[in-house]
Amino acid sequence: MSPERQTIVALVIVALAAAWLGWRWLAKRKNPGCGGECGCDAQRINAKIKRR
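Residues numbered from 1 in each chain as written. Predicted model: local features only at pLDDT ≥ 70, side-chain atom pairs only at ≥ 80, totals over all residues. Heavy atoms only, no water.

**Notes on the overall build of the protein**
Test applied: Only DSSP runs of H or I reaching four residues or more are called helices, and only runs of E reaching two or more are called strands; each is numbered from the N terminus. A 1.4 Å probe rolled over the protein chains alone gives each residue an accessible area, and that area as a share of the maximum for its type sets the label: buried under 20%, exposed over 50%, partly exposed in between. Values of accessible area rely on a 1.4 Å probe in the Shrake-Rupley scheme; residue burial ignores everything except the protein chains shown.
From N to C terminus, the protein includes two helices and zero strands. The buried share of the protein, taken over its 52 residues, is 0%. Carbon and sulfur atoms make up 62% of the accessible area of the protein, which amounts to about 5100 Å² in all.

Written out as structure tokens, the structure reads:
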């Protein structure tokens with residue numbers, strides 16, 4: 001494989017990895033988890049952490 005082709009392939013791989021990481025980051029920001037009075041275990045765990 002020529003050096004130019006290797007450079008292009010490497011840049012495409014890096015761009016895909018960066019896009020995937022950015023997509024995951026945005027997905028977590030849109031739906032960060034429990035947001036209220038749902039009664040799940042996260043509420044009790046957070047309460048225990050805050051008491052310490």
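There's plenty left to go through after this.
**Some points on a nonpolar patch on the surface**
Quick reminder of the rule: Exposure above 30% relative accessible area and no salt bridge define the residues that can form patches, which grow by joining like charges within 9 Å and nonpolar side chains of Val, Leu, Ile, Met, Phe, Trp and Tyr within 5 Å. By salt bridge we mean one thing: a side-chain nitrogen of Lys or Arg within 4 Å of a carboxyl oxygen of Asp or Glu.
A contiguous nonpolar surface patch, about 330 Å² in accessible area, is contributed by M1, V9 and I13. Considering the arrangement of structural elements, one finds V9 in helix 1 (residues 3-30).

Nothing here speaks to function; it is geometry throughout.
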